[in-house]
Amino acid sequence: MHYEGALRFLMEEVQYMALAFMAMVYVAKVLWFFRKPGVRDKAPLKGDPAVGAVVSLGNIFMPWAMESTRLHWFFYLEFVIFHGAVALTILSTFLVPFQLMVPGEGFSRIVVAAMGLAFLVGLRRLVRRIARPELRLISAPDDYFALVVLNLFFLSGIWALGTGEAAGMWVFFIMTTFFLIYVPFSKISHYITYPFARWYYGVNFGGRGVIARAVKASN
Amino acid sequence: MQDKTVAMKTIQEAQPAIQPKEGPKPAFEPQDIPRMLEILDKRMNRLLASSLAACVHCGLCTEACHYYASTRNPEFAPAYKADLLRKVYKKRYDWLGRLFPVWVGGKDLSPELAEKMYDLIFGACTVCRRCSLNCPMGVDYASIMATARYMMAAMNRLPEGLKATIDVHLETGNNMGISEEELVETLEWIEEELQAELDDPTARIPLNQKGAKYFLTMNPREPKYYPLTIQAEAKILHAAKESYTISTKYWDATNYCLFIGDGANARKVAQWQAQDVESLGCDYLLAAECGHGYRSIRWEAANWLGRQPNFKVIGFQELMAQYIQEGRIKLDPSRNPKRVSYHDPCNAAKSGGIIEEPRIVLRAAVEDFVELKHNRQFSYCCGGGGGALTMTEFAKRRLEAAKVKAEEIAATGAKILATSCHNCLDQLAEINRHYKLGVEVKLLCELVADALIIE
């Protein structure tokens, strides 16, 4: 499928500009972060900070390492589906403009299926956030909006990649543009902040001999 | 009996001026807010910034907190408690939060918000770090809570008992204001008791002995209320033929400044301890079985002082495990025939890395050791951490929050509950009475001393 005119401009030039904007905001954020002092124990260490950091960063792939994910394994499964679908959807926004992915065929069917599952997960997460008092208490409009808008993104992706219709492509890529501009300011940018938090936590408590043992110890 | 050295004089000179004795103020005032924000700005480091920024409000930390697990009060969810400071962070630092604070949950710090922080961050958090171990994002809640506590304490808004404990420590060198004479008298009495118990006049408790290998610290509760703990420690050290001493100056293992994140005063206390150990030329500071005391001197002191002291730090639990593994002490577990379980003190385990050593000790010292359902670094806090025992205004909540721990203890069928921390010991004793568990609560050294085979 070949895209022409304004749609092609949206898929390429507009995306590049939005991507550049996103990168600039992230660079500014990271520079701000690195201007702050680091934290490192000065006492002789008991454990290995490097191992702690690796274990801490790899924690995402070890649902058994935390009670919160071990007991709530379905929540972890939802997390894998949701974030896997996000990654595939982002990948699609790069593949489609270069005709490396044909809507309605082959790989796009897998992506559409993933987005469909992620949409259901998103709905469930929204209900959970509204229904559980402790989550309502900590939720800001951005928390609800992130779920709603991601679910709309999945729907637009299903439309665009499932059918290949131009209208679907327009909606999908307008939403992509919106995300590239909005995400750096919203909670969705946690994928940028998360590695720093896990790194510092892992280095400090790996050094103290707490983190790396978390994998071996059982509750 | 005392060995007054030039170095001691230096330590006395380093002692700060006596703190004002005014009590804490009853409420925040509008003029406190700019100063509190200034503190937040000064303390913003990468660990704190990433911990404040990374939370996605997933709620997975909720059940990790013993306050929530015991009461199901949504305000006790760790993310909510941390959000009280995070709201301020978002309003002050987050770009979107500065423009549209409501959108991201940002809020200006106000006396009302500060009061909420006071209630939940002092009164419903023991800074145990169990939530952090269950946070997928790696949020270090303790650094958030320590910052919030210091912002409040610096305004002289902190629980009265906690303030009094710190003030007494800064004024007298130990947190119970025990005089040197009283301490020496107690130690001499315990030495006589030890000699009578062992029928050995060479069993001594050496005071201010220069060049000893170990400098033994104590929790002030030991000379004040639990002198038999000192006897147990001395018995073990005597059995191992160890070279050790107790200083009559800075022997207090505790450092309650940790609980309010007060680095400046924590540094003073750590400096007294460090100078005292260095002046006696000891190789090791041997930390009493005191969770936060161990963490303070083992891990935080070097950070506060900005240097590694000229001695090593070892916990009494670690040394006992070492003796057992090296065969320096022999134990007869049949002398402790009752079922024993172990509560891991949060500061020693989750923040200190003492995890397997107590198990090495217990397997050698008792016949029937069983784990609590949640153990090691995943153990639920008993409720006595973070200085909670000094905060009488929150005592009812502290005991309610211990329900989950009480249920776990009861489920083991243990007759003795061992621990390695005096704050835990006192809280567990209260839990024992409140929930009618019918267990004896003991420190590890007491069980080891009972099992010792003296040759």
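A quick note: this is a predicted structure, and the numbers were derived from the prediction, not measured.

This paragraph deals with the overall build of chain A. Looking only at helices and strands, chain A has 10 helices and zero strands in total. Starting at the N terminus and ending at the C terminus, chain A contains elements arranged as α-α-α-α-α-α-α-α-α-α. Each principal axis of the C-alpha atoms in chain A carries an extent, and together these give about 65 × 40 × 35 Å.

Take Pro37 of chain A: it is sitting in the loop between helix 1 (5-34) and helix 2 (49-58). Residue classification places Pro37 of chain A among the partly exposed positions, given that 13 C-beta atoms sit within 10 Å. Dropping the residues within four chain positions of it, Pro37 of chain A is found in contact with Asn45 and Arg46 of chain B.

A separate point is the interface of chain A and chain B. Listed per partner, the contact involves 47 residues of chain A and 51 residues of chain B. Sorting the residues of the side of chain A that touches chain B by element identifies helix 3 (67-71), helix 6 (133-138), helix 7 (141-163), helix 9 (190-207) and helix 10 (211-214) of chain A as the ones contributing at least two each. Tallying contributions element by element places helix 9 of chain A first for the side of chain A that touches chain B, with eight residues. Looking at the side of chain A that touches chain B residue by residue, the classes come out as 22 nonpolar, 12 polar and 13 charged.

Right, let's get into the domain arrangement of chain B. Residues and elements named next belong to chain B. Here the domain parsing of chain B yields domain 1 (6-14 + 165-322), domain 2 (32-157) and domain 3 (328-451). Computed from C-alpha atoms alone, the centre-to-centre distance between domain 1 and domain 3 is 22 Å. Between domain 1 and domain 3, the contact holds 26 residues from the first and 27 residues from the second. Put simply, the parts of the chain that give the side of domain 1 that touches domain 3 at least two residues each are helix 14 (227-239), helix 16 (291-305) and helix 17 (316-326). Class assignment for the residues of the side of domain 1 that touches domain 3 results in 12 nonpolar, seven polar and seven charged.

Next up on the list: the sheet that holds strand 5 (residues 339-342) of chain B. Residues and elements named next belong to chain B. Strand order in this open sheet of four strands is 6-5-7-8, and the pairing throughout is parallel. Looking at strand neighbours, the two that pair on one side only are strand 6 (368-371) and strand 8 (440-443), the edges of this open sheet. Taken over all neighbouring pairs, the strand axes of this sheet differ in orientation by 30 degrees on average, direction set aside. Note: strand 7 (residues 416-419) against strand 8, four bridges, orientation parallel. Bridge assignment links Leu417 to a residue of strand 8, and that residue is Val441. Along the sheet, helix 22 (residues 422-434) makes contact with strand 7 and strand 8, crossing strand 8 at roughly 175 degrees. Against the sheet, helix 23 (residues 444-451) touches strand 5, strand 7 and strand 8, its axis set at about 85 degrees to strand 8.

Attention now goes to the packing of helix 2 (residues 32-43) of chain B against helix 10 (residues 141-153) of chain B. When two helices pack together, their arrangement is given by the angle between the helix axes and by the axis-to-axis distance. All names here are of chain B. Between helix 2 and helix 10, the shortest axis-to-axis distance is 9 Å and the interhelical angle comes to 145 degrees. Judged by the twist between their axes, the crossing of helix 2 over helix 10 is right-handed. For the pair helix 2 and helix 10, the contacting residues are Met36, Ile39, Leu40 and Arg43 in the first and Thr147, Tyr150 and Met151 in the second. Residues belonging to the contact of helix 2 with helix 10 are distributed by class as follows: five nonpolar, one polar and one charged.

Counting residues in hydrophobic clusters, the biggest one holds 166 residues, and the most contacted among them are Ile236, Ala287, Met320 and Val448 of chain B. With near-sequence residues (within four places) excluded, Ile236 of chain B lies in contact with Met320, Ile329, Cys445, Val448, Ala449 and Leu452 of chain B. In terms of nonpolar packing, the next biggest core, distinct from the first, is built from 27 residues, Val111, Ala118, Ala146 and Leu150 of chain A among them.

Once that is clear, we can look at the sheet that holds strand 3 (residues 284-287) of chain B. All names here are of chain B. Pairing in this open sheet of four strands is parallel, and the strands run 2-1-3-4 from one edge to the other. In this open sheet, the two strands that pair with only one neighbour each are strand 2 (244-245) and strand 4 (312-315). One ladder, built from four bridges, connects strand 3 with strand 4; its direction is parallel. The residue of strand 4 that forms the bridge with Leu286 is Ile314.

All names here are of chain B. Here chain B shows a mean pLDDT of 95. Residues at 70 or above account for 95%. pLDDT under 50 marks residues 1-20. Its contacts with residues more than four places away, or in other chains, come to 27 contacts. What the predictor reports for the complex is a pTM of 0.93 with an ipTM of 0.93.

What counts and how
- Residues numbered from 1 in each chain as written.
- Chains lettered and ligands numbered in written order.
- Predicted model: local features only at pLDDT ≥ 70, side-chain atom pairs only at ≥ 80, totals over all residues.
- Helix = DSSP H or I, 4+ residues; strand = E, 2+ residues; numbered from the N terminus.
- Buried ≥ 20, exposed ≤ 12 C-beta atoms within 10 Å, placed from the backbone.
- Contact = placed C-beta atoms within 7 Å.
- Nonpolar A, V, L, I, M, F, W, Y, C, P; charged D, E, K, R; others polar.
- Domains from an automatic or database assignment.
- Pairing = 2+ DSSP bridges.
- Axes fitted to C-alpha atoms, helices over the stretch in contact; angles between N-to-C directions.
- Left-handed = near helix turned anticlockwise from the far one by under 90°.
- Core = buried A, V, L, I, M, F, W, Y, C linked by C-beta atoms within 7 Å.
- pLDDT = per-residue confidence, 0-100.

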